[in-house]
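Understanding the architecture of this molecule
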Amino acid sequence: MNGLVEVKDVRKNYNGNEVLKGIDLVAFPGEVLVVLGKNGAGKSTLFKLIGGLAEQTSGEIQLNQNNTGFSINEPVFYEHLSGWENLAIHCQYYNVSEEKIGYWLKKVGLSVENQQPVKNYSLGMRQRLVIARCLIHNPDILLIDEPLNGLDPKGIKDFRELLQELKEQNKTIIISSHILSEVQSIANRIVVLYEGKMVLQTLAKDFSTESPTVFENKMINWMEGI
Ligand SMILES: Nc1ncnc2c1ncn2[C@@H]1O[C@H](COP(=O)(O)OP(=O)(O)OP(=O)(O)O)[C@@H](O)[C@H]1O
């Protein structure tokens, strides 16, 4: 396979309930892999296993590069600190220079001068800060659960352009999303989970000639197990 991220026959049980049922996937440098699935399909669980936040019951996960930026489930911040201060703590943790903080705040559309604590941020501002935090230490693998969640149209457009830049830098990007219109334009590879099983793994270009409506209907059918 030789991907940067390789997941082989991974299973996860919670209290005897199998929520991931033998997942195989591979993500390569320079591509965006989007994981789709309806609520409860197993996306966040898969992300937690890839991110090392939980351990699979069986199977193997190989990251052929240690440097990962990830955000899974609700992002946790130091709520009483500003966005800049939150990124500064992250830089200390990863032992990288604080010089890039201003660059990344601007890049995700946040004000460098904003001294407000993160607890006052809107959902979209928090999401922008998550994206900056995931990238500031220049990871090779980016893993974000629902990065489009809460972003306004400009935020979505900026994120789409950012993904293009990251692909050109040969990063491996794995995200989940419920916004199918965006998935069709940003994905290189699409994986669909249904009740913990991978029911589709395909190259997005196989769907490039489909109208957005046909694409949406096909993906929803896979997600509904039809
Ligand atoms: N810590 C846990 N303990 C027990 N069950 C869990 C735990 N985490 C997840 N599950 C169960 O695993 C299944 C998959 O959940 P998961 O959060 O991975 O779904 P998801 O695809 O990310 O859903 P959503 O789109 O709603 O975020 C669900 O049935 C959920 O209840």
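As annotated in an unreviewed UniProt entry, the protein is ATP-binding cassette domain-containing protein from Enterococcus alishanensis.

With that out of the way, let us pick up the sheet that holds strand S9 (residues 197-203). Pairing within the open sheet is mixed, and its six strands lie in the order S5-S6-S7-S3-S8-S9. The open sheet has two free edges, formed respectively by strand S5 (68-71) and S9, since each of these has just one partner strand. Direction aside, the axes of adjacent strands within the sheet are offset by 10 degrees on average. By the bridge criterion, six bridges tie strand S8 (residues 189-194) to S9 in an arrangement that is antiparallel. Bridge assignment links Leu 193 to a residue of S9, and that residue is Met 198.

Attention now goes to the domain arrangement of the protein. Each domain of the protein was delimited in the assignment, giving domain 1 (1-67 + 140-226) and domain 2 (74-139). A separation of 24 Å is found between the C-alpha centroids of domain 1 and domain 2. Each side of the interface is counted separately: domain 1 has 19 residues, and domain 2 has twelve residues. The interface formed by domain 1 and domain 2 contains two salt bridges. With a closest N to O distance of 2.9 Å, Asp 152 and Arg 128 form a salt bridge. Where domain 1 packs against domain 2, one counts seven residue pairs in polar contact (both at pLDDT 80 or more). Looking at the side of domain 1 that touches domain 2, the elements with two or more residues in it are strand S6 (141-144) and helix H5 (153-168). Residue contributions to the side of domain 1 that touches domain 2 peak at seven residues, all from H5. A class-by-class count of the residues in the side of domain 1 that touches domain 2 yields eight nonpolar, four polar and seven charged.

A few words now on the site of the ligand. Around the ligand, a shell composed of Tyr 14, Val 19, Lys 38, Asn 39, Gly 40, Ala 41, Gly 42, Lys 43, Ser 44, Thr 45, Glu 146 and His 178 is seen. One of the backbone N or O atoms of Gly 42 is found 2.9 Å from an oxygen atom in the ligand. For the ligand, the protein covers 60% of the area, taking 640 Å² as the surface of the free molecule. Ranked by residue count, the leading element in the shell around the ligand is helix H1 (residues 43-51), at three residues. Within the shell around the ligand, the residues separate by chemical class into three nonpolar, six polar and three charged.

What follows covers the packing of aromatic side chains. The geometry of an aromatic ring pair comes down to the distance between the two centres and the angle between the two planes. Within this structure, the stated rule accounts for three aromatic pairs. One cation-aromatic arrangement involves Lys 100 over Tyr 103; the distance from NZ or CZ to the ring centre is 5.0 Å.

Scoring rules and cut-offs
- Residues numbered from 1 in each chain as written.
- Predicted model: local features only at pLDDT ≥ 70, side-chain atom pairs only at ≥ 80, totals over all residues.
- Heavy atoms only, no water.
- Pairing = 2+ DSSP bridges.
- Helix = DSSP H or I, 4+ residues; strand = E, 2+ residues; numbered from the N terminus.
- Axes fitted to C-alpha atoms, helices over the stretch in contact; angles between N-to-C directions.
- Domains from an automatic or database assignment.
- Contact = heavy atoms within 4.5 Å.
- Salt bridge = Lys/Arg side-chain N within 4 Å of Asp/Glu carboxyl O.
- Polar contact = N/O pair within 3.5 Å; in protein donor to acceptor, adjacent residues only side chain to side chain.
- Nonpolar A, V, L, I, M, F, W, Y, C, P; charged D, E, K, R; others polar.
- Near = heavy atom within 4 Å.
- Areas by Shrake-Rupley, 256 points an atom, 1.4 Å probe, with all protein chains shown as cover.
- Phe/Tyr/Trp six-rings, centres within 6.5 Å; stacked < 30°, edge-to-face > 60°.
- Lys NZ or Arg CZ within 6 Å of the ring centre and 35° of its normal.

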